[in-house]
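Chain by chain, the residues:
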Amino acid sequence: MIADTHLLGPYKGHWFDKLRREWQMWRSFQTSLTLLSPDATFFLGDIFDEGQWSNREQFDEYINRFNELFKVNKNTQRYVVVGNHDIGFHEGLHPLRELWFGKAYPNSTPVGIIKLKNETFVLVNSMAMHGDDCRLCHMAEIEIERIGKMLKEEGSMSQSGVDTHKENDKIEKRPTVLMHFPLYRINDMYCEGGEELNDINIRKSELFREKWECLIIFNNLYFHVFLLPTIKLQKRVIVAGKLTCKYEAAKNVGVELWEIDRSAAHDVEKDTETDHEGNFYIDVVVVDYLSSDLELVIKIFHQCNVKDADLCYKMIEIPVPTTFFNHNDENEETYTPRAYNLGIIELDTDHPIQGKSCSYILGNTINRFVEFGSKFIP
């Protein structure tokens, strides 16, 4: 897969820079074809740099240059996804440029489907995923729903569970969705690779803007509902431990089990408080319909060694290893679930993952008001 070749156009860039870049891309691509002999190559958009400003003659010249630079042999298929620099952003997209691009590269816009061997690929025009009921967005939604229905009818989404002998873990075979913009995510915090991503602080600080660096958050759910198959993961998680503050029992400390969703909002699966001896116990069945890979974290909110005037809480995060994700087989007499025992945790010390939460006090205060008010309701 290749993305963002950005072939220079008639308005920007020096002719020698254009010559140098294109020779390097041509040489690299042809060498890769010779060494790897792929069945198919996918270009994930922005193959042109100035396609959104080009007239018909310039656009045709762009297409001819791209086809010449990235020529493939008869044993390799080439597929192209459209990008914003090819035909323009959603607000500045001209229907003619979309038409020109679609004729040159079929299945590229608004939505196309490719089947290679036993794999299914769905190519999506990212600019058609704004959900504002424009002509292009409406056409894309119709195509996505049609393709999703067709795939289900053909049975190409055959079941292949994480553990096929467990009925409560069901994952159907999923098509691969290819587009220029990624689905909604806050930033690149969970992405791997690239020197610019090595600093976790940079990942956290560079927030993605919807419709610019990623799609709108609604599209994450939309693809799951209409195109991607139903996923159902059902795991029983048991976590226990004891909290101390200055080596004395930490009472009434908030403990929550969170599911970390890398593409949308995180979910609180279970919350509790420590008892008078500082002990806590969580036993919950986590069900997820949108992800095939659960990621759970224990969050402890405390004010051990915190000044009374500070309304914020210290927060400790402890990941739950997947080895403690139990199948929900409560009816099996011989089945014994594994419990994640954290042992004794001293709060008045430094922890590997520790932060500060000033929003926890709001939720805690609301819960106390509700609890207090419920006493007067008959």
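Residues numbered from 1 in each chain as written. Predicted model: local features only at pLDDT ≥ 70, side-chain atom pairs only at ≥ 80, totals over all residues. Heavy atoms only, no water.

- Per an unreviewed UniProt entry, the protein carries the name Metallophos domain-containing protein and comes from Parastrongyloides trichosuri.
- For the record of the protein, the UniProt heading Cofactor (unreviewed entry) holds the text "Mn(2+)". (UniProt positions renumbered as here; feature names shortened; annotations may be inferred.)

### Side note on the overall build of the protein
Part 1 of the argument: From N to C terminus, the protein includes 8 helices and 16 strands.
Part 2 of the argument: Counting only residues that meet the buried cut, the protein has 43% of its 378 residues in that class.
Part 3 of the argument: Put simply, of all contacts in the protein between residues at least 6 apart along the chain, 70% involve residues at least 24 apart.
Part 4 of the argument: Per element, the accessible surface of the protein, about 21,500 Å² overall, is 53% carbon and sulfur. (Helix = DSSP H or I, 4+ residues; strand = E, 2+ residues; numbered from the N terminus. Buried < 20%, exposed > 50% of the residue type's maximum accessible area, 1.4 Å probe, protein only. Contact = heavy atoms within 4.5 Å. Areas by Shrake-Rupley, 256 points an atom, 1.4 Å probe, with all protein chains shown as cover.)

### Concerning empty space enclosed by the protein
Part 1 of the argument: Within this structure, the stated rule accounts for 1 cavity of 30 Å³ or more.
Part 2 of the argument: Within this model, the largest cavity holds a volume of roughly 40 Å³.
Part 3 of the argument: What lines the largest cavity is M129, G131, E141, F218, N219 and Y222.
Part 4 of the argument: Tallying contributions element by element places helix α7 (residues 217-226) first for the lining of the largest cavity, with 3 residues.
Part 5 of the argument: In the lining of the largest cavity, the residues fall into 3 nonpolar, 2 polar and 1 charged. (1 Å grid on protein atoms, 1.4 Å probe; cavity = no way out; pocket = protein on both sides within 12 Å on 5 of 7 lines; lining within 4 Å. Points joined across faces, edges and corners; volume = space filled by probe spheres on them. Nonpolar A, V, L, I, M, F, W, Y, C, P; charged D, E, K, R; others polar.)

### A short note on helix α5 (residues 135-154)
Part 1 of the argument: Taking 1.5 Å of rise per residue, the 20 residues of α5 would be expected to cover 28 Å, and the 29 Å separating its terminal C-alpha atoms lies within 8% of that figure.
Part 2 of the argument: Three or more residues of α5 are buried, namely L136, C137, A140, E141, I144, I147, G148 and L151. Down the axis of α5, the sector holding all buried residues measures 135°, keeping them to one side. Exposed and facing more than 90 degrees away from the buried side of α5 are K149 and E153. (Expected span 1.5 Å × (residues − 1). Arc of directions from axis to C-beta.)

### Describing the nonpolar core
The tendency in soluble globular proteins is for nonpolar side chains to be buried as a group.
Part 1 of the argument: The biggest cluster of nonpolar side chains holds 36 residues, and the ones touching the most others in it are I47, F48, F66, F101, Y105 and F223.
Part 2 of the argument: Those residues in contact with Y105 that sit more than four places away from it in its chain are I47, F48, I63, F66, N67, R78 and V80.
Part 3 of the argument: With 26 residues, the next largest nonpolar core counts V255, V286, I298 and C304 among its residues. (Core = buried A, V, L, I, M, F, W, Y, C linked by side-chain atoms within 4.5 Å.)

### Looking at the state of the cysteines
Part 1 of the argument: Tallied over the entire structure, the rule returns 1 disulfide.
Part 2 of the argument: C245 shares a disulfide with C304; S-S distance 2.0 Å. Between C245 and C304, the S-S dihedral sits near 85°, and the bridge is therefore right-handed. On the criterion of sequence distance, the pair formed by C245 in strand β7 (residues 231-245) and C304 in the loop between β12 (296-302) and β13 (313-319) is long-range, its members being 59 residues apart.
Part 3 of the argument: Unpaired in this structure, C137 has its nearest cysteine sulfur neighbour in C134, at a distance of 3.1 Å. (Disulfide = S-S within 2.5 Å.)

### Observations concerning the sheet that holds strand β6 (residues 176-178)
Part 1 of the argument: Reading across from one edge, β3-β4-β6 is the order of the 3 strands in this open sheet, with mixed pairing throughout. Where the open sheet ends on each side, the last strands, each with one partner, are β3 (111-116) and β6. The mean angle between the axes of side-by-side strands here comes to 25°, regardless of whether they run parallel or antiparallel.
Part 2 of the argument: The pairing of strand β4 (residues 119-124) with β6 spans 3 bridges and is parallel. (Pairing = 2+ DSSP bridges. Axes fitted to C-alpha atoms, helices over the stretch in contact; angles between N-to-C directions.)

### Regarding the sheet that holds β12
Part 1 of the argument: One open sheet holds the 5 strands; their spatial order is β10-β9-β12-β13-β16, and the pairing between them is antiparallel. This sheet does not close on itself; its edge strands, each paired only once, are β10 (267-273) and β16 (354-357). With strand direction ignored, the average angle separating the axes of adjacent strands in the sheet is 30°.
Part 2 of the argument: Note: strand β9 (residues 254-259) against β12, 6 bridges, orientation antiparallel. Looking across to β12, one finds that E259 is bridged to L296.

### Let's talk about the environment of D288
Part 1 of the argument: Here D288 lies in strand β11 (residues 279-288).
Part 2 of the argument: Residue D288 is classed as buried on the basis of its relative accessible area of 7%.
Part 3 of the argument: The spatial distance from the C-alpha of D288 to the C-alpha of L233 is 5.2 Å, given a sequence separation of 55 residues.

### Points about unusual backbone geometry
Note: most residues except glycine have negative phi, and most peptide bonds are trans.
Part 1 of the argument: Look at the link from T109 to P110: it is a cis peptide, with omega at -10°.
Part 2 of the argument: Looking at the secondary structure, you find P110 in the loop between α4 (95-104) and β3.
Part 3 of the argument: Even without glycine at this site, N107 takes up a positive phi of about 70°.
Part 4 of the argument: Position of N107 among the secondary structure elements: in the loop between α4 and β3.

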